[in-house]
Amino acid sequence: MTGEAAPQPAGLQWRGIAAEKVDDVSAPLAALLRRRSRGLLTDLLRPHKRGVMTTAAAIVVASLAALAGPWLVGVAIDQGIPPITSSGDAGPLTWIAAAFAVTVAVQAVATRSFVTMTGRVGQAVVLELRRRVFWHMQALSVAFHESYTSGRVISRQTSDIEAISALFEEGLDSLISAVLTLLLVGTGMLLLDWRLAVVVLAAFVPLTLLAGWFRNHSAIAYRRIREANSLVIVHFVETFGGLRAVQAFRREHRNEEIFDELSGEYAKASAWSSRLNAVFASGISLVANVVIATVLVYGGVLVIDGSMKVGVLASFLLYLQRFFDPLQDVSQFYNSFQGAASALEKLSGILEEDPSVPEPAAPLALPAAAPPAPAIPRSAASPALAAPPAPSSRTPATTLPPPAAATSSALPSFGRRVRFESVRFGYRPGGSGGSSPREGTAAVVLPDFSLDIAAGQTVALVGETGAGKTTVARLMARFYDPLAGRVTLDGVDLRDLPNAVLRREVVLLTQESFLFEGTVADNIRLGRPAASDAEVAQAARAIGAHEFIAALPLEYQTPVGKRGGRLSAGQRQLISFARAFIAAPAVLVLDEATALLDIPSERLVQAALRTVLTGRTAVIIAHRLSTVAIADRVLVLRAGEIIEDGAPADLLGGDGEYADLHARWAASLV
Amino acid sequence: MSETGSDIRSTATPAAAAPVSALWRLRPYLRPYRLQLLSMLMAALGAEAAAIAIPLLTKSIIDGAITHHDKRLLLPLGLAAAGLGIAEAALSLIRRWVQGSAVAGMEKTLRDDLYAHLQNLEPAFHDGWQSGQLLSRATSDLSSIRRFAGFGLVFLIITVTTFTAVAVLLIRLNWWMGLAASCMVAPVVVFCLRFERRYKILARRVQDQEGDLATLIEEGATGVRVLKALGRAPEAAATHAAQATQMYTTKVSMARLLGSFWSMLDLIPNAAIALILVLGALAVSRHALTIGGLVAFITLALQLVWPIEALGYILASGEEAATAAQRVLEILDTKPSITSVPASTANPPDHGPQRNVPAARSQPPPSQAASPARWGQLSFEAVEFRYPGSAEPVLRDVTLTVARGETLVITGATGSGKTTLLQLVPRLADVTGGRVLIGGRDVRDIPLPELRTLVGFGFEEATLFSASVRENVMFGAPDATAAQVEAALTAAQARFAYDLPWGLDTRIGEQGMALSGGQRQRVALARAILARPQVLVLDDPLSALDVHTEERVTRALGEVLAGTTALVVAHRPSTVALADRVALLDGGVIAAVGTHRELLATQPKYASLMTMEEVAR
Ligand SMILES: Nc1ncnc2c1ncn2[C@@H]1O[C@H](COP(=O)(O)OP(=O)(O)OP(=O)(O)O)[C@@H](O)[C@H]1O
Ligand SMILES: Nc1ncnc2c1ncn2[C@@H]1O[C@H](COP(=O)(O)OP(=O)(O)OP(=O)(O)O)[C@@H](O)[C@H]1O
Ligand SMILES: [Mg+2]
Ligand SMILES: [Mg+2]
């Protein structure tokens, strides 16, 4: 797994997350990754320029004060004490002691402020990074999430960001004060004796080589750590996401084996990296100690030859000790820096990843909503059915305060026209078992799909499982973009609509109901965050969910638990339904939204649908043909093609697929 | 703050009393590495000794060989200094090398144990915990512990030793100045204690907030489709940002606390040195001390500074490790409430009527006596089930028997407790009253692995994993042959899997999301029937299928179910066609049992659940 194989003029093929699974990267790629990480870091630090400067200043002051302390002790001994012993004059010593006290105080204050400020700047950077990555993850397409998997998304945003946070929590000061010490002490040594100083400077040759070696290897090691860590997290998340299945199928033992292997891999990677660090850090000590011995011998020769004084050699050796000590801190810092750098590499890759379903560069506006086309027959929407307190009823009989949820006055929606124009679509073949799929290309789900749904029309989409119904729904909500052709909303290509507009106009109720941790009301309100409590309750009432919610211990304020686990599957589906209901968009797409309900609940939902769909465009996907009764038009889909299209009554009269389906379904009811 | 997250926990579980004692309780995890730890310590002390010896040797070289212009001695002594230097480097290499693998190994064992323990905890436990809280314990908390175990522990010992040694030397050099110098320990201890008290709270808070944040991140990742479908990404991002900001605030307070603590640890020893300097100078002026003595004293006293400064760092990381240990123990201390009877005391496995029950057992439990006759029979006896924390039981008094080979369909309104009832069979939850029997044995008396082999389970929402179709189908039966897999896929009408791009090796994405809803359900069905369990429990297995496929599955399933005791939940009359008998669950009891037609005729409630008069014209 080397980057060698890659011919890379501009490194384009390494954009985004492409380099994630490679740890031993080629030199140009490593440089590319480093540049990318550095770019991100600079960008993150830019708003904190002043904070960074003051922090640096505080560190400089603290380090200088720290260096001044021992020096003052020396001064005191050399110049403070003799006057006392000789003439009893305590003056110089008092001054020196006072100066010492001042440096100690300065050091304390400066230390305090730089630790606080590094914390503040560092955490602000981390916060900004968290926000950016979270937001970017949300902006990335469904296709990205499908291949990247949630475990990785999570590990990027937890462990990786923590590695960066750790960098700010430790060692930043050691770096700066070490550099200062090196400069000061180095100058002192040069001034003392240049010959010995040259010997010391020669040590930088092995030190640089050592650092280069460490950088290359630890970059690889830390990449391995990050990757191993995300695999551990992926497995962890997946196990506990499906724990019931794990237990019911006695998978615990096998899972433990898998986990043991993954966490063993991780342990190996971290042990390996700490060994590298061990070699690096003790390599520095080795060089330092050898240099000291060399200086000792060489200096000794010089002294014996009479070209140097003993005192000079003694001071030089003292300096030398102080010169090499901070290098240990630097190596420590360099180590955490490498850890953060590999995390930053991954994160900058994520941030570089372009959404495959991008926001339009030049967004178009939707035309003002038109009144519903009068020609459309709405046989089912009889006024009698508006009797239950449905949200759209504006009759004074409603006990709840207006405006009602569905036809909120802010959004006088009349539905919009949806067109599929020769759409061709297929999913990318997912991860593989072998090296090549049976057929090389993506399996095409919709070969050439055209459909025109008039504004305000309710269309039922039926067909065998796997026919592509959900795919059609996903395209309408722009989870994916078509490979060819286009999907339009009132004549505007979905790709030209700003995301916010699209999401306001088109809402998809997915086949899988997903509840978030939080209360029942929170979950319903996801459909429209501004909805009042009364509106939430009204939506629940309209679809027949109020009864069970009222029976919960805290009613609407009952926490639903992880993934809504406190509720039954049907109850979860009702809550999801209430979301779509309260969102009341121009175009509503319902994908098997009632599959898990009992028949009476389904009936209630349908009654509610009749009212809420008045004046909206709707696509209802259902296997239970009961739902079709409220549709103006039925489409039968088979293998991605529409094989029948017409009003339900018309199709029933014929002898096509729908008539057959309906007959079987009706037969199954008794 | 994260009180929502943490407080419930601490009431739910017996929290370890103090963080430090929690950390102490984890020491068995270090036991396998005690030799390594010991060698780490020895190497560290050795390196420290060499580091101290080098200046001494240097001094003697300068004073001896060089001052006496003895060139012959210079080289050997220089080599000796180099040798000491090499020894120091080698010892520090040993310490770090050993430390890296030892603590990584310790962390791994701890993580494996945590994972295994979590897997054995019942689903109800997991329902009550935010997923991010578990994840953050398994990741960042464990690394905190590792960091401390590797570096903090050894350095704590080294700093304390160094401090003591230097203090003793100082006192021997000059007892009253030595005592004065050692007195700085008092304020250091006071500050450490005060710091500890406050830092512990912040450390814990930050860890809890990390868990809460991880939960939001996890939901943002797994719920990305819903957030997109409803256009709620901005709101989710705002929630996340708010939580992240809380964490920011805590971290900044931590930095502030650390800042003042560390500056105190800088201040105290330096102030002590200044004091010694003045006192020493006075002593020198009174001829109570020689200058040389003072110089030696102060040079040595400077050695007291770094252990104290290092102490601040060690203490902070120790505190973090301690609260992390506390959080980890909250999980490890939770006993699984659904446990297996030990296989030895359990009833002998019951392999069907053809096999005689060994009569060797002196006193077989009464339930076992008639087991051959009841082999494969599933019965509920006065079962009561109440979710923890809810006032009303969901199941009040369920009594029901499914005969061997019979298929019984359970139906009932949404939320009536069907899923709850099914979960009692493979003990994903335990009854709170009454009992569930398989083949006459209480399920709680059957060792869990055996019970879960006896029972096949199909969940209402297909729970698949991001692996290949084959791995998913063979999830519960890793030894199944290709022919068995094919038979199961055929029966579940899931032969489409052979036409996927890589056939059965096609990976189906996280939670099987690369399949259509109906495809997922059929793969999950194939998984449930693959092992040909004695008792098959299916929760609404056909809800995502179209009429045609449903018919085909029903027919094929009819054959599979022929010899199997099956309990199937259904909402639709079409699925009820599977049934020999139908039971209606209502108000926590079985309201009626009979054939579909009987119930339609006699039970108005059932009729209203099963008919769709409006549309079935
Ligand atoms: N994310 C995906 N990646 C790859 N292939 C997919 C993905 N989602 C669906 N498919 C495939 O596309 C085809 C159409 O799936 P789709 O979900 O649209 O079917 P459907 O008509 O909704 O079926 P169902 O009634 O079972 O829900 C199926 O063969 C399915 O395996
Ligand atoms: N963890 C829980 N804590 C408290 N109450 C719960 C919990 N899980 C479920 N319930 C409640 O128990 C009742 C029965 O739930 P269950 O899932 O068994 O219903 P069900 O009959 O399977 O419904 P559905 O047909 O919708 O699947 C519901 O009212 C639900 O709110
Ligand atoms: Mg579908
Ligand atoms: Mg259920």
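Predicted model only: the values in this text are computed from it and were never measured.

1. A look at the overall build of chain A
Tallying secondary structure elements over chain A gives 20 helices and ten strands in all. Looking at chain A as a whole, 57% of its 670 residues are labelled buried. As displayed, chain A has an accessible area near 26200 Å², and 62% of this comes from carbon and sulfur atoms.

2. With respect to the overall build of chain B
Across its full length, chain B holds 22 helices and ten strands. Taken over the C-alpha trace, chain B has a radius of gyration of 35 Å; the compact-globule value for 617 residues is 25 Å, which it surpasses by more than 25%. For chain B, with 617 residues in total, the buried portion stands at 60%. The contacts in chain B between residues at least 6 apart in sequence include a share of 76% that link residues at least 24 apart. Surface exposure of chain B reaches about 23900 Å², of which carbon and sulfur atoms provide 62%. Taking the 56 positively charged and 54 negatively charged side chains of chain B as two groups, their mean positions are separated by 6 Å.

3. Regarding the coordination of the magnesium ion (ligand 4)
Residue and element names in this part refer to chain B. Distances from the magnesium ion (ligand 4) to its protein donors, T419 (OG1) and E460 (OE), fall at 1.9 to 2.4 Å. Note that T419 is positioned in helix α14 (residues 418-423) and E460 in the loop between β6 (455-458) and α16 (469-473), a separation of 41 residues in sequence. What makes E460 buried here is its relative accessible area of 15%.

4. So, the pattern of salt bridges
By the definition in use, this model includes 49 salt bridges over all chains. Note that R224 of chain A and E265 of chain A form a salt bridge whose closest N and O atoms lie 3.8 Å from each other. Remark: E265 of chain A occurs in helix α10 (residues 252-305) and R224 of chain A occurs in helix α8 (residues 204-241); sequence separation between them is 41 residues. By relative accessible area, R224 of chain A is classed as partly exposed at 26%. Residue class for E265 of chain A comes out partly exposed when judged on its relative accessible area of 34%. One salt bridge connects E486 of chain B with R495 of chain B, and the closest N-O pair in it is separated by 3.0 Å. The class for E486 of chain B is partly exposed, based on a relative accessible area of 32%.

5. Considering the nonpolar core
The biggest cluster of nonpolar side chains holds 186 residues, and the ones touching the most others in it are I524 and I549 of chain A together with I145 of chain B. When residues of this core are assigned to their parent elements, the largest contribution, 19 residues, is made by helix α10 (residues 233-285) of chain B. Counting residues in hydrophobic clusters, the runner-up holds 87 residues, among them V455, A491, F496 and L504 of chain B.

6. Some thoughts on α10 of chain A
The end-to-end C-alpha distance of α10 of chain A is 77 Å, a good match for the 80 Å that 54 residues give at a rise of 1.5 Å each. Phi turns positive one or two residues past the end of α10 of chain A, at G306 of chain A, with a value near 85 degrees.

7. Here's the deal with helix α12 (residues 469-476) of chain A
Residues and elements named next belong to chain A. Among the eight residues of α12, eight are classified as buried, and the element is accordingly described as predominantly covered. Within α12 the residues assigned to the buried category are K469, T470, T471, V472, A473, R474, L475 and M476. Backbone geometry just downstream of α12 places R478 in the positive-phi region, at approximately 55 degrees.

8. Focus on the sheet that holds strand β5 (residues 492-493) of chain A
Residues and elements named next belong to chain A. Ordered in space as β2-β1-β4-β5, the four strands form an open sheet in which the pairing is antiparallel. Lying at the two open borders of the sheet, with one neighbouring strand each, are β2 (444-453) and β5. Here strand β4 (residues 484-489) pairs with β5 via two bridges, running antiparallel. By the bridge assignment for β5, L489 is matched with V492. Where α12 meets the sheet, it contacts β1 (418-426), β2 and β4, and its direction lies at approximately 120 degrees from that of β1.

9. Thoughts on the sheet that holds strand β6 (residues 506-509) of chain A
All names here are of chain A. The strand order β6-β7-β8-β3-β9-β10 describes an open sheet built from six strands, whose pairing is mixed. Whereas interior strands pair on both sides, the edge strands pair on one side only; in this sheet they are β6 and β10 (641-646). Across this sheet, the average inter-strand angle for adjacent strands is 15 degrees, counted without regard to direction. As judged from the five bridges shared by strand β9 (residues 633-638) and β10, these two strands associate in the antiparallel manner. Counterpart to V636 in the pairing with β10 is E644. Packing against the sheet, helix α17 (residues 569-583) makes contact with β6 and β7 (587-591), and its axis sits at approximately 170 degrees to β6.

10. With respect to a positive patch on the surface
All names here are of chain A. A surface patch of positive charge is lined by R34, R35, R38 and R215. The element that contributes the greatest number of residues to the positive patch is helix α1 (residues 27-45), accounting for three residues. Note that R38 resides in helix α1.

11. So, the packing of helix α6 (residues 131-173) of chain B against helix α8 (residues 185-222) of chain B
Residues and elements named next belong to chain B. Taken N-terminus to C-terminus, the directions of α6 and α8 make an angle of 160 degrees; their axes are 8 Å apart at the nearest point. In this view, α6 runs roughly antiparallel relative to α8, as classed from their interaxial angle. The hand of the α6/α8 crossing is right-handed. Facing S131, G132, Q133, S136, R137, S140, D141, S144 and F163 of α6, the residues of α8 in contact are V185, R204, Q207, D208, E210, G211, D212, A214, T215 and E218. For the contact of α6 with α8, the residue count by class is three nonpolar, nine polar and seven charged.

12. Here we look at the site of ligand 2
Within the structure, ligand 2 sits among 18 residues, and S568 and G570 of chain A together with K418, T419 and T420 of chain B are positioned closest to it. Two or more chains meet at ligand 2, and those chains are chains A and B. Take T419 of chain B: an N or O atom from its side chain is 2.5 Å from an oxygen atom of ligand 2. Here an oxygen atom of ligand 2 sits 3.0 Å away from a polar atom, N or O, in the side chain of E460 of chain B. For ligand 2, whose accessible area on its own is 630 Å², the fraction buried by protein is 89%. Counting only elements with at least two residues in the shell around ligand 2, the list comes to α17 of chain A together with α14 of chain B. A per-class count over the shell around ligand 2 returns four nonpolar, eleven polar and three charged.

13. A closer look at the interface of chain A and chain B
The figure often quoted for interface size is the accessible area lost as the parts come together. Contacts between the two partners involve 160 residues from chain A and, on the opposite side, 170 residues from chain B. Across the chain A/chain B interface, buried area totals approximately 15200 Å², and carbon plus sulfur atoms make up 65% of it. Taken together, the connections running from chain A to chain B amount to six salt bridges. Inspection of the chain A/chain B interface yields 39 residue pairs in polar contact (both at pLDDT 80 or more).

14. Brief notes about the site of ligand 1
Taken together, 22 residues sit near ligand 1, with T470 and T471 of chain A together with S516, G518 and Q519 of chain B positioned nearest. At the site occupied by ligand 1, the surrounding residues belong to chains A and B. For ligand 1, an oxygen atom lies 3.2 Å from a polar atom in the backbone of A467 of chain A. Backbone polar atom of G518 of chain B to an oxygen atom of ligand 1: 2.6 Å apart, as the coordinates give it. About the coverage of ligand 1: the protein hides 90% of its 630 Å² of free accessible area. Among the secondary structure elements, those contributing two or more residues to the shell around ligand 1 are α12 of chain A together with α18 (517-530) of chain B. Residues of the shell around ligand 1, tallied by class, amount to seven nonpolar, eleven polar and four charged.

15. Digging into the confidence of the model for chain A
Residue and element names in this part refer to chain A. For chain A, mean pLDDT is 78; residues scoring 70 or higher make up 85% of the total. In this model residues 1-11 is a low-confidence stretch, pLDDT under 50, and it forms 21 contacts with partners more than four residues away in sequence or in other chains. A low-confidence stretch, residues 430-441 (pLDDT under 50), is modelled with 20 contacts involving residues beyond four sequence positions or located in other chains.

16. Here's the deal with the environment of A271 of chain A
By secondary structure assignment, the location of A271 of chain A is in helix α10. When the C-alpha positions of A271 of chain A and I225 of chain A are compared, they lie 9.6 Å apart, and in sequence the two are 46 residues distant. Dropping the residues within four chain positions of it, A271 of chain A is found in contact with G100, S101 and A104 of chain B.

17. Brief notes about the packing of aromatic side chains
Evaluated as defined, the whole model comprises 23 aromatic pairs over all chains. Centre to centre, the rings of F240 of chain A and Y115 of chain B are 5.5 Å apart; their planes meet at 70 degrees, and the pair counts as edge-to-face. Of this pair, F240 of chain A sits in helix α8 while Y115 of chain B is found in helix α4 (residues 71-120), placing the two residues in two different chains. Relative accessible area serves as the criterion here: at 11%, F240 of chain A is assigned to the buried category. Residue Y115 of chain B is classed as buried on the basis of its relative accessible area, which comes to 1%. Taken together, F214, F280, F333, Y334 and F337 of chain A form an aromatic cluster joined through their ring pairs. The ring of Y148 of chain A has R152 of chain A sitting right over it, with the charged end atom 6.0 Å from the ring centre.

Criteria and cut-off values
Residues numbered from 1 in each chain as written. Chains lettered and ligands numbered in written order. Predicted model: local features only at pLDDT ≥ 70, side-chain atom pairs only at ≥ 80, totals over all residues. Heavy atoms only, no water. Helix = DSSP H or I, 4+ residues; strand = E, 2+ residues; numbered from the N terminus. Buried < 20%, exposed > 50% of the residue type's maximum accessible area, 1.4 Å probe, protein only. Areas by Shrake-Rupley, 256 points an atom, 1.4 Å probe, with all protein chains shown as cover. Rg over C-alpha atoms; globule rule 2.2 N^0.38 Å. Contact = heavy atoms within 4.5 Å. Lys, Arg positive; Asp, Glu negative; His and termini not counted. Charge placed at Lys NZ, Arg CZ, Asp CG, Glu CD. Donors = N, O, S within 2.8 Å, 3.2 Å for Na, K, Ca; no water. Salt bridge = Lys/Arg side-chain N within 4 Å of Asp/Glu carboxyl O. Core = buried A, V, L, I, M, F, W, Y, C linked by side-chain atoms within 4.5 Å. Expected span 1.5 Å × (residues − 1). Pairing = 2+ DSSP bridges. Axes fitted to C-alpha atoms, helices over the stretch in contact; angles between N-to-C directions. Patch = residues over 30% accessible without salt bridge, like charges linked within 9 Å, V, L, I, M, F, W, Y side chains within 5 Å. Parallel < 35°, antiparallel > 145°, perpendicular 65-115°, else oblique. Left-handed = near helix turned anticlockwise from the far one by under 90°. Nonpolar A, V, L, I, M, F, W, Y, C, P; charged D, E, K, R; others polar. Near = heavy atom within 4 Å. Polar contact = N/O pair within 3.5 Å; in protein donor to acceptor, adjacent residues only side chain to side chain. Buried area = accessible area lost by both parts, 1.4 Å probe. pLDDT = per-residue confidence, 0-100. Phe/Tyr/Trp six-rings, centres within 6.5 Å; stacked < 30°, edge-to-face > 60°. Lys NZ or Arg CZ within 6 Å of the ring centre and 35° of its normal.

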